Amino acid sequence: MADDRLILFDTTLRDGEQAPGFQMNLEEKLQMAAALARLGVDVIEAGFPAASPGDFAAVKGVAERCQGPTIAGLARCHPGDIKAVVDALQPAAKRRIHVFLATSPIHREHKLAMSREQVLERIKSGVATAREHCDDVEWSAEDASRTEPEFLVEAARAAVDAGATTINIPDTVGYALPGEFQQLFVMLKRELGDAAILSAHCHDDLGLAVANSLAAVAGGARQVECTINGIGERAGNCALEEIAMVVRTRPLAFGVQVGIDTTRLAPTSRLLSSITGVDVQPNKAIVGANAFAHEAGIHQHGVLAHASTYEIMRPEDVGVAKSQLVLGKHSGRHALRARLTELGHELDETAFEQFFSDFKQLADRKREIHDSDLEELALGRAVRTTGPWELVSLHTSAGTHARPTASVELALAEEGVRAEAALGDGPIDATFQAIARATGAGEARLIDYHVQAVTGGEDAQGRVTVDCLIDGVRVRGHGVRTDIVEASALAILEAFNRRAATRSLQAT
Ligand code: KIV
Ligand code: ZN
């Protein structure tokens, strides 16, 4: 790898996915991995296989289906964890085992109850075991930024001697400051030379994850670990779109290049938001809705006269289309297929035909169809959990003097239709209760509910995201419709379907 290449190691599916509210199912992870491969990241960390059977299946699924990037799996320095990564990564064309162990005094004393010597021994055995199975081994010093610098060097040397090819220095708790983090990398580079690629993995607790990652690059790091939209534990990780665009916009400042197709940044960010139901804030750098919106008259005047007066990047450089309006109900399959591909959605023939029919129905209800409408429809056909239950009909009533009620009919394959009715605090609650009864799913509670317009305009579709506790398991669901009560019913039903899917996974 040339010295001016900055390796982008994406951990959206591991560190990102482990944050509350960002869990993804297998189909969603596969869809996200395909988008990351199209974006051109160098490494995809697909999960932590020893953490759960679901994580193992996801890493294996990504390893089987995702072409292009190296696929990495995370492991503690334990033989069992490492074996799980080896097995899950077996189908990947390019694979990496990522082992980690905490090195800071706080972790050594309170979490690991291990001496420095024991930590060094565990690092050596973990890395050496990983190296027996794979030539590409990364070792991470968890809580590196709070580790005694001389011990960090000793630990990194032990990892290199045991065969690690990348040494990752996490700022696990988001405590580092750019100046000191840069110096840490300068020192590690001086001590280790070119024995391994140095990597930074920064958390955003003090809002410094991107600044610290850039400081690491200035100090000699040639890999940055990051996530789409900066999702991750607590305040999140370094945002991939930000690091990539800093390096691209200010090439002389860092002297490194990234190998991604930056025009895929906005579509990949939107895909993640649609999958998780969590939008980025409007003022988010690079991918926020306002990132390229000029409101003040004086700014608008300047941009119209010459875009560079107020723009340091062009919207099209990050994949924000100039016009997001697509053809209406007369559009043909060909045009739609082409637009979907531009937006980064690959549907097989069956899913595309269903998408096309959804599109026609939407075009009957909505005057203008925007890219985000298309993306919601495409996701509906690609990743939304369907079955075993389908919504056949829904009727709700509510008003100032009436107790809200809902009646639903659900179809269950082979069993036919089940009808139920319920009262609630409002029509959505009543719908939730009626669906819970019809599915007979056990104890169920709606924890969180939010609705967001997919596009502007009076006839906009509403995207409803629900978070529910069903039979002791927390599950999410989404529904998108121009009618938000119907969207709510679909979201609730998706949550019940997900719960049914996890039950059958547990049963196998
Ligand atoms: O933040 C951290 O320390 C991590 C490591 C496991 C790489 O995520
Ligand atoms: Zn982390």
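## Thoughts on the pattern of salt bridges
Here is step 1: For the structure shown, the criterion picks out 37 salt bridges.
Here is step 2: Notably, a salt bridge pairs Glu142 with Lys111, separated by 2.8 Å at the nearest N-O pair. Taken together, the positions of Glu142 in strand β5 (residues 137-142) and Lys111 in helix α5 (residues 105-112) put the pair 31 residues apart, joining distant regions of the chain.
Here is step 3: For Asp143, the salt bridge identified is with Arg146, shortest N-O distance 3.0 Å.
Here is step 4: Residue Asp143 is classed as buried on the basis of its relative accessible area of 0%.
Here is step 5: Put simply, Glu28, Arg476, Glu494 and Arg498 are held in one network by salt bridges that share partners.

## A closer look at the nonpolar core
Here is step 1: Grouped together as the largest cluster of nonpolar side chains are 93 residues, with contacts concentrated most on Val99, Trp139 and Ile167.
Here is step 2: Broken down by element, the residue count for this core peaks at eight residues, all from helix α7 (residues 149-161).
Here is step 3: Membership of the second largest hydrophobic core comes to 26 residues, among which are Ala422, Phe432, Ala436 and Ile470.

## Brief notes about the coordination of the zinc ion (ligand 2)
Here is step 1: The protein atoms that coordinate the zinc ion (ligand 2) are Asp15 (OD), His201 (NE2) and His203 (NE2), at distances spanning 2.0 to 2.1 Å.
Here is step 2: Site description for the zinc ion (ligand 2): donor spacing in sequence, D-x185-H-x1-H. In this pair, Asp15 is assigned in helix α1 (residues 12-16) and His203 in the loop between β7 (197-202) and α9 (209-219), connecting sequence segments 188 residues apart.
Here is step 3: Accessibility expressed as a relative area gives 3% for Asp15, which makes it buried.

## Some thoughts on the side chain of His203
Here is step 1: Its relative accessible area of 3% is what places His203 among the buried residues.
Here is step 2: Side chain to side chain, His203 and His201 meet in a polar contact 3.2 Å long.
Here is step 3: Dropping the residues within four chain positions of it, His203 is found in contact with Asp15, Asp171, Thr172, Gly174, Ala209, Glu233, Arg234, Gly236 and Asn237.

## Describing the packing of aromatic side chains
Here is step 1: The tally for this structure, following the rule as stated, stands at six aromatic pairs.
Here is step 2: Between Phe352 and Phe355 the ring centres are 5.8 Å apart and the planes differ by 35°, which places this aromatic pair in the tilted class. With a gap of three residues between them, Phe352 and Phe355 both fall in helix α15 (residues 349-365), about one helical turn apart. Of the two residues examined, Phe352 and Phe355, each falls in the buried class.
Here is step 3: Aromatic side chains Phe352 and Phe356 sit 6.3 Å apart centroid to centroid with 25° between the ring planes, which places their arrangement in the stacked category. Placement of the pair is Phe352 and Phe356 together in helix α15, with a separation of four residues, close to one helical turn.
Here is step 4: On the basis of relative accessible area, Phe352 is assigned to the buried category, the value being 3%.
Here is step 5: Taken together, the aromatic side chains of Phe352, Phe355, Phe356 and Phe359 make up a single cluster linked through ring pairs.
Here is step 6: If you follow Arg108 out to its NZ or CZ, it ends over the ring of Phe151, 4.8 Å from the centre.
Here is step 7: Over the ring of Phe352 we find Arg337; its NZ or CZ atom is 4.2 Å from the centre of that ring.

Calculation notes
- Residues numbered from 1 in each chain as written.
- Chains lettered and ligands numbered in written order.
- Predicted model: local features only at pLDDT ≥ 70, side-chain atom pairs only at ≥ 80, totals over all residues.
- Heavy atoms only, no water.
- Salt bridge = Lys/Arg side-chain N within 4 Å of Asp/Glu carboxyl O.
- Helix = DSSP H or I, 4+ residues; strand = E, 2+ residues; numbered from the N terminus.
- Buried < 20%, exposed > 50% of the residue type's maximum accessible area, 1.4 Å probe, protein only.
- Core = buried A, V, L, I, M, F, W, Y, C linked by side-chain atoms within 4.5 Å.
- Donors = N, O, S within 2.8 Å, 3.2 Å for Na, K, Ca; no water.
- Polar contact = N/O pair within 3.5 Å; in protein donor to acceptor, adjacent residues only side chain to side chain.
- Contact = heavy atoms within 4.5 Å.
- Phe/Tyr/Trp six-rings, centres within 6.5 Å; stacked < 30°, edge-to-face > 60°.
- Lys NZ or Arg CZ within 6 Å of the ring centre and 35° of its normal.

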